[in-house]
Structure formats: structure tokens, C-alpha cells
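Residues per chain are reported as follows:
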Amino acid sequence: MKKVLVTCPPMLGLFDEFVEPAKQLGLELVAAKTTQVLSENELMQSLPSYDGWIIGDDPATYQVFSAGKAGRLTAAVKWGIGVDNVDFSACDALGIPIINTPNVFGAEVADLAVGLMLGLARHTFYIDREIRQSFNWPKPAGMSVSGKKIGIVGFGDIGYNTAKRLMGFDVSITAYDPGIEGNRDLSYVTRKPWPEGLGELDFLIFTCALNKHNYHMLNEDTLALMKPGSRIVNVARGPLIDESALVAALQSGHIAAAALDVFEVEPLPETSPLRAMPQCIFGSHNGSNTVEGVRRASYKALEELSGFFKELDANG
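Residues numbered from 1 in each chain as written. Predicted model: local features only at pLDDT ≥ 70, side-chain atom pairs only at ≥ 80, totals over all residues. Heavy atoms only, no water.

**A closer look at the overall build of the protein chain**
Heads up, the condition is: Segments assigned H or I by DSSP are reported as helices when at least four residues long, segments assigned E as strands when at least two residues long, and all are numbered from the N terminus. When we talk radius of gyration, it's over C-alpha atoms, and the globule rule is simply 2.2 Å times the number of residues to the 0.38. Buried, partly exposed and exposed residues are distinguished by accessible area as a fraction of the type maximum, computed with a 1.4 Å probe on protein chains only: under 20%, between the cut-offs, and over 50%, respectively. Throughout, a residue-residue contact means that at least one pair of heavy atoms, one from each residue, lies within 4.5 Å.
Each helix and strand counted, the protein chain has 11 helices and 12 strands in total. Here the C-alpha radius of gyration of the protein chain, 21 Å, is about what a compact globule of 316 residues would show, namely 20 Å. With the C-alpha coordinates of the protein chain rotated into their principal frame, the extents come out at 65 × 45 × 35 Å. Each of the 316 residues in the protein chain was classed as buried or not, and the buried ones make up 48%. Residue pairs at least 24 apart in sequence account for 62% of intrachain contacts in the protein chain once pairs closer than 6 positions are excluded.

Given below as C-alpha cells:
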């Protein structure tokens, strides 16, 4: 039986459900005590005692993998699709097989993206807070979605599913993604290179992976290109947006509002100026966390990890 540390919060939320299926694959799952991430030091202390690791958004660095390799660690799986926190080259150098679980919850994150966009358009979250917390009865004028122009940054699984969901809203969609050609059979989607056309958009939705090329792609310069009064949704990764530049754009009113499920620093610091902006909507980096999505990704992670161990055992 291979001992496996699980540090991914959504999988931990349904942990008991995966214990027996994992045993059938020869895996003994151990739940980490975490609600977000473990630190490098915590991981370096614990990982040497485990054969495998199912990774969340933890700092999966060379130092962490080296410490694990010095002990029992021989294989790992990054739960979910985002891999910006994982040093894959370190795994290659250390001979630790690793993979992520792509294309497992594009639909779920797309659902959230559209929901947040509608929340910004109609102020539904603001109205709810005012009624519950301030005992007010506000009636802010919303924005009709029909006829609006929407930009989607990232046209992979999440971006594609977001575009599909927007089809019935009678909107124009521009997709930005240098890694994917064409409109993927969605005739109502126009392709443009970033940042062309930003000034025409009413909403800009981020659904892409984070890499060294798109860090702070929405910054002071690109925000200045955006249409006054436009709105931003980010269900991807926080560092895609220069948060200080976004704060300034929100404070000036150039950007009307933002819905952010992710931030540059998570959890969102208590001192963040964003907290004082009632026009905004915030999440807890929870876009993929549906029961169905977690099951899909978790069983995929177990299968991949079991396969790694079988291959390693077969090769001696």
C-alpha cells in the first residue's frame, strides 16, 4: 500500500468518499490539515514520509520535491488544471513522474464566470448584502446584457465553455489566446490578438492559465485601453492582473466593478483596498469546487497516481 498525502482543499472536502476507492488502487490516503496551502517548510517536513502527493495550490518547489525525494516520495499529481505553482522541471530532474488533471471542470468554472458577470451587471450581490447587513432596500439600475461586447482571455476548456454559455445572451464575443487557432466552431466568436479591441468591451473575463508571458497582462497600460465603465471577471489566476493598477482604476471609476474569485495574495489580506469596494464581488478561489467536479478530478488524480506506481514497480 502506497501512502499518499492529499493537500488539495476541494478533495479534502469530500475526503472520506475517496478513501476506499483509493485502497482498491493500492493507495492509503492521508488528509493534510489545511484550508488553503501548506508552507514550504511544512511540506519539506512531511513529504519524506509519503510515497505520493496529490497537490493543491501549495508551493511545489524544487526544495520541496528534493526533500520528498530524499525520503519516500516517488510520484505526484497536481489536482486540477492550474500548474503555475508546480516546478515540473524539478520533477523531471529528480525523476519524479508528475501530471495534472486537465479538462475536468471547465464547465463548472465557466458556470461561475457567467454567474459573476450577471452579478456585476445587475448588482445582485450588492443588493443582497445591503438587505441582509444594512437593512436597506436598494434599487440600483443595472445593465442589460443583451447586445454587449464580451472579451474572454483564454480559449481553452474554461474559455470555450464560457463562450458556449454566453451564446444565448445575444452578445458579441472576442477571444484572446495565442495558443489556440480559430473560433472552435463557435461562429459568433471573433479572434483578436491581445490587447486589440479592449476599448470596445463591456466585460472582460479571464479564464486562462498563468505563465511567465501573461503575468500582469492587465496592468496600468492595458486598463487604460479599456472602455470607461467596463467590468472585469477573473476566475483564472490572480497574478494575471496587476492588483494595485486595478484598485486605482476602480477608485477612479474608469473600471466600474470587478468580480474576482482569485487574487495576487490568497486569502485576500484584511488590509486590501478591494475590501472597501461594495461594487465588487469576491470569491475564495473556489470556481471548480462542485461535488461533481471534485469527484471527476479526484478520481482522475487517483488513477494517474496508481498508474505511476504500477509503472515504477514494473520497472523495478
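**Topic: helix H4 (residues 62–70)**
The test is simple: As used here, the arc belongs to the directions running from the helix axis to the C-beta atoms.
Within H4 the residues assigned to the buried category are Val-64, Phe-65, Ala-67 and Gly-68. In a view along the axis of H4, the buried residues occupy a sector of 160°, so they form one face of it. Packing partners of the buried residues in H4 comprise helix H3 (40–46), strand E3 (52–55), strand E4 (75–78), helix H5 (88–94) and strand E5 (98–100).

**Brief notes about the side chain of Asn-214**
Note the threshold: In the analysis that follows, any N or O atom pair within 3.5 Å is treated as a polar contact, provided that within protein one partner can donate a hydrogen and the other can accept it, and provided that, for residues neighboring in sequence, both atoms belong to side chains.
Considering the arrangement of structural elements, one finds Asn-214 in the loop between strand E9 (203–206) and helix H9 (220–225). The class of Asn-214 is buried, set by a relative accessible area of 10%. A distance of 2.9 Å separates a polar side-chain atom of Asn-214 from the backbone nitrogen of Asn-211. For Asn-214, the contacting residues outside a window of four places in its chain are Cys-208, Ala-209 and Leu-240.

**Some words on the sheet that holds E4**
Put simply, the rule reads: Any two strands between which DSSP finds at least two bridges are classified as paired. What counts as an axis is a line fitted to C-alpha atoms, over the stretch in contact for a helix, and the angles between N-to-C directions run from 0 to 180 degrees.
On the basis of which strands lie adjacent, the open sheet formed by 5 strands has the order E2-E1-E3-E4-E5 and parallel pairing. With partners counted over all chains shown, the strands left at the sheet margins are strand E2 (27–31) and E5, one partner each. For this sheet, the mean inter-axis angle between neighbouring strands, taken without regard to orientation, is 20°. Bridge count between strand E1 (residues 2–6) and E3: 3 bridges; the pairing is parallel. From the neighbouring strand, Val-6 faces E3, where its bridge partner is Ile-54.

**What to know about the packing of helix H2 (residues 15–24) against helix H11 (residues 291–314)**
What counts is decided by this rule: Any angle that is under 35 degrees is reported as roughly parallel, and any over 145 degrees as roughly antiparallel; angles of 65 to 115 degrees are reported as roughly perpendicular and all others as oblique. Should the near helix be turned anticlockwise from the far one by less than a right angle, the crossing is termed left-handed; should it be turned clockwise, right-handed. In this count, Pro and Cys sit with the nonpolar residues alongside Ala, Val, Leu, Ile, Met, Phe, Trp and Tyr, while Asp, Glu, Lys and Arg are called charged and the others, Gly among them, polar.
It is at 11 Å that the axes of H2 and H11 come closest, and there the two elements cross at 30°. Classified by the angle between their axes, H2 and H11 sit roughly parallel to one another. Judged by the twist between their axes, the crossing of H2 over H11 is right-handed. Residues Glu-17, Phe-18, Pro-21 and Ala-22 of H2 lie in contact with H11, whose contacting residues are Val-294, Arg-295, Ser-298, Tyr-299 and Leu-302. Residues belonging to the contact of H2 with H11 are distributed by class as follows: 6 nonpolar, 1 polar and 2 charged.

**Structural notes on the layout of surface pockets**
As a reminder, the rule being used: Cavity: a set of points on a 1 Å grid over the protein atoms alone where a 1.4 Å probe fits but cannot get out. Pocket: an open set with protein on both sides within 12 Å along at least five of seven lines, its lining residues, like those of a cavity, having an atom within 4 Å of a point. Grid points are joined across faces, edges and corners, and a volume is the space filled by probe spheres set on the points.
Each pocket or cavity is described by its volume, and for the largest pocket that value is around 1,000 Å³. Mapped by element, the contributors of at least two residues to the lining of the largest pocket are helix H1 (9–13) and helix H8 (157–166). The element that contributes the greatest number of residues to the lining of the largest pocket is H8, accounting for 3 residues. Class assignment for the residues of the lining of the largest pocket results in 23 nonpolar, 19 polar and 8 charged. Approximately 280 Å³ is the volume found for the second largest pocket. Considering the residues around the second largest pocket, the lining is formed by 14 residues, among which Asp-57, Phe-263, Glu-264, Glu-266 and His-285 are closest to the centre. For the lining of the second largest pocket, the residue count by class is 5 nonpolar, 4 polar and 5 charged.

**Some points on the packing of helix H6 (residues 106–122) against H8**
With their axes 8 Å apart at the nearest point, H6 and H8 run at an angle of 50° to one another. Between H6 and H8, the angle falls in the class oblique. Of the two elements, H6 crosses H8, and the hand of that crossing is right-handed. The residues of H8 that touch H6, namely those facing Gly-106, Ala-107, Val-109, Ala-110, Asp-111, Ala-113, Val-114 and Met-117, are Asp-157, Ile-158, Asn-161, Thr-162, Arg-165 and Leu-166. Residues that form the contact of H6 with H8 fall into these classes: 8 nonpolar, 3 polar and 3 charged.

**Here's the deal with empty space enclosed by the protein**
Counted by the stated rule, this structure contains 1 cavity of 30 Å³ or more. In this model, the largest cavity occupies a volume close to 50 Å³. Lining the largest cavity are Gly-119, Leu-120, His-123, Thr-124, Phe-125, Tyr-126, Arg-129, Pro-278, Gln-279, Cys-280 and Ile-281. Listing elements by their share of the lining of the largest cavity, those giving two or more residues are H6 and helix H7 (124–133). It is H7 that contributes the most residues to the lining of the largest cavity, 4 residues altogether. For the lining of the largest cavity, the residue count by class is 6 nonpolar, 4 polar and 1 charged.

Note that all results are geometric; they support no functional claim without further evidence.
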